[in-house]
Amino acid sequence: MLPSVDRKYRRSPKFTLLAQKDDNYEPLEAGFDGASFSGAVFNLSTTIVGAGIMALPAAVKQLGMIPGLIMIVIGSMLTEFSIDIILKFTRASKASTYPDVVGDAFGGAGKTLLQVCIVVNNLGMLVVYMIIIGDVLSGTSSGGVHHWGVMEEWFGQHWWTTRSCLLLLTTLVVFAPLISFKHVDSLRYTSALSVGLAIVFVVITAGVAIIKLMNGSIGMPRLMPELVDQASFWKLFTTIPILVTAYICHHNIHPIKNELKDTTQMKSITRTSLALCSSVYIATSFFSVLLFGDQTLDDVLANFDGNLGIPYGSLLNDVVRVSYGIHLMLVFPIVFFSLRLNIDGLLFPRTIPIAFDNKRFFTVTAALMGFIFLGANYVPSIWDAFQFTGATATISVGFIFPAGLALRDTHGIVTKNEKLLSWIMILLAVSSSMISISSDIYSIFSSNNDVES
């Protein structure tokens, strides 16, 4: 016989229960009576605005200013459509998680596949976040040139300014407390600060670009893509996974929704968050490409490693890098939240929710953090990481599974226009993924051949 608490909260094969505010059991945190609209907006916005804000300017440079900014808007619209589909089928199936919604339509295999995609996507994102934090704090080396981190610049090279030491300290002092919360709403204040720090980056970039434009030290950026041959045309499609990655938030829709005082607000919360994030993305991409032009790097943060050509440029460089490093530290726990839920759902599908099993909660948390910490030392490039995860797991989570739900339409609730748009999403996702992966593999082999020669 199972203990009574285990029998009460044991998960069924169909539904994976999250720790919802209105369940008939003791609350996880005293006084918690549901999340607010503003807290949910900040948490969802923080889920969206991660490291993608730094990769988008390179994508806009590749596409040209006008098509690039248009694609950012289209990416927001498609993301809103995909989330609306997920919420529509959530209501119809009475499911409590995204994998449960997919499981209702495609069975256990579909549910498991989505969970694997979310785990791969989130692990990849968190490894990239930690790499960027390490680059900001302790610097990085490429092509035989060492780019100094802020801690090295301020205090010199010591054992405690090395990447591994600083990342370990960040893990213990910042990540460990924040990933220990069992309610996602507990992160609302750090999420608000995270969004604020992203806006600080936008303001500084815009200010520097306007000053340099006024004194005539920069020119107008390239408005359209530069197509010199067939290869340059196909390369444009490699930017699509970057755009999809920039808006990925589907894995946190249900954890945020399930804690709301009024769950009917979720659609408005999604629309508000996407409008906020789109504005940040457009402003960042526009002013970054305006400021750096064809010199915009794959990770635009690296552009703030040199001379900006204005007074107090060195100070502004440090402010940008430090503020964005802190921003990513605060994004980390919100992405980690859904990673832990989904890895637990894969490993322990029929046990009580992880929030009610402290031993399992902290064991899974520690194991995941150890894996991310080790992985952060072995991914060579943010662009490669974003393209490979974006071209596979991320596009599946953000485009293919929501479109698949609409086309499967097990509850008969999808319109003809929604099905048409779903077909477009799947064709766009599959074709861009194939082109992107092929292009990445070709680039890797080409660079290897260049090194050997």
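Residues numbered from 1 in each chain as written. Predicted model: local features only at pLDDT ≥ 70, side-chain atom pairs only at ≥ 80, totals over all residues. Heavy atoms only, no water.

(A) Spotlight on helix H8 (residues 188-214). Spanning 27 residues, H8 covers 39 Å between terminal C-alpha atoms, matching the ideal 39 Å at 1.5 Å per step. Two residues or fewer past H8, Gly-216 is found with a positive phi of approximately 75 degrees. (Helix = DSSP H or I, 4+ residues; strand = E, 2+ residues; numbered from the N terminus. Expected span 1.5 Å × (residues − 1).)

(B) Structural view of a nonpolar patch on the surface. A surface patch of nonpolar side chains, amounting to about 650 Å² of accessible area, comprises Ile-66, Ile-70, Ile-74, Leu-213, Met-220, Leu-223 and Met-224. In terms of residue count, the dominant contributor to the nonpolar patch is helix H4 (residues 65-93) (3 residues). Tracing the chain through its elements places Met-224 in the loop between H8 and helix H9 (230-235). (Patch = residues over 30% accessible without salt bridge, like charges linked within 9 Å, V, L, I, M, F, W, Y side chains within 5 Å. Areas by Shrake-Rupley, 256 points an atom, 1.4 Å probe, with all protein chains shown as cover. Salt bridge = Lys/Arg side-chain N within 4 Å of Asp/Glu carboxyl O.)

(C) Quick look at the pattern of salt bridges. Counted under the stated rule, the structure contains 9 salt bridges. Here Arg-321 makes a salt bridge to Asp-318, at a shortest N to O gap of 3.0 Å. Of this pair, Arg-321 and Asp-318 both sit in helix H13 (residues 313-347), separated by 3 residues, roughly a single helical turn. For the pair Arg-321 and Asp-318, one class covers both residues: buried. (Buried < 20%, exposed > 50% of the residue type's maximum accessible area, 1.4 Å probe, protein only.)

(D) Expanded view of empty space enclosed by the protein. Scanning the model with the defined rule gives 5 cavities of 30 Å³ or more in all. Size it by volume and the second largest cavity reaches roughly 110 Å³. Taken together, 14 residues form the lining of the second largest cavity, with Gly-75, Leu-78, Leu-243, Val-244 and Phe-399 sitting closest to its centre. Elements with a minimum of two residues in the lining of the second largest cavity: H4, helix H10 (240-247) and helix H15 (382-408). For the lining of the second largest cavity, the element with the highest residue contribution is H4, accounting for 5 residues. Partitioning the lining of the second largest cavity into residue classes produces 10 nonpolar, 4 polar and no charged. (1 Å grid on protein atoms, 1.4 Å probe; cavity = no way out; pocket = protein on both sides within 12 Å on 5 of 7 lines; lining within 4 Å. Points joined across faces, edges and corners; volume = space filled by probe spheres on them. Nonpolar A, V, L, I, M, F, W, Y, C, P; charged D, E, K, R; others polar.)

(E) Fine view of the nonpolar core. Counting 121 residues, the largest nonpolar core has Ile-48, Ile-53, Met-130, Tyr-281, Phe-332, Phe-336 and Ile-372 as its most contacted members. In terms of residue count, the dominant contributor to this core is helix H5 (residues 98-138) (20 residues). Beyond its immediate chain neighbours, meaning those up to four positions away, Ile-48 contacts Ala-246, Tyr-247, Ile-248, Cys-249, Ser-273, Leu-274, Cys-277 and Tyr-281. (Core = buried A, V, L, I, M, F, W, Y, C linked by side-chain atoms within 4.5 Å. Contact = heavy atoms within 4.5 Å.)

(F) Main features of the packing of helix H2 (residues 37-48) against H13. Contact geometry for H2 and H13: axes closest at 9 Å, N-to-C directions at 100 degrees. Judged by the angle between their axes, H2 and H13 are roughly perpendicular. Here Asn-43, Thr-46 and Thr-47 of H2 lie close against H13, whose contacting residues are Leu-330, Val-331 and Ile-334. (Axes fitted to C-alpha atoms, helices over the stretch in contact; angles between N-to-C directions. Parallel < 35°, antiparallel > 145°, perpendicular 65-115°, else oblique.)

(G) Expanded view of the packing of H13 against helix H14 (residues 358-375). Packing of H13 against H14 leaves a shortest axis separation of 10 Å and a crossing angle of 115 degrees. H14 is crossed by H13, and the crossing has right-handed handedness. Within the contact between the two elements, H13 uses Phe-332, Phe-336, Leu-339, Arg-340, Ile-343 and Asp-344 and H14 uses Arg-360, Phe-361, Val-364, Thr-365, Leu-368, Met-369 and Ile-372. A per-class count over the contact of H13 with H14 returns 9 nonpolar, 1 polar and 3 charged. (Left-handed = near helix turned anticlockwise from the far one by under 90°.)

(H) Here's a closer look at the confidence of the model for the chain. Per-chain confidence: the chain averages 82 in pLDDT, with 85% of residues scoring 70 or above. For the chain, helix H1 (residues 4-9) is the element with the lowest average pLDDT, namely 43, and H2 is the one with the highest, namely 94. Per-residue pLDDT stays below 50 along residues 21-27; that stretch engages in 16 contacts with residues further than four places along the chain or on separate chains. (pLDDT = per-residue confidence, 0-100.)

(I) Quick peek at the environment of Phe-286. With respect to the helices, strands and loops of the structure, Phe-286 is situated in helix H12 (residues 266-292). Residues Phe-286 and Val-202, 84 residues apart in the sequence, show an inter-C-alpha distance of 9.8 Å. The contact partners of Phe-286, leaving out residues within four places of it in the chain, are Met-65 and Leu-69.

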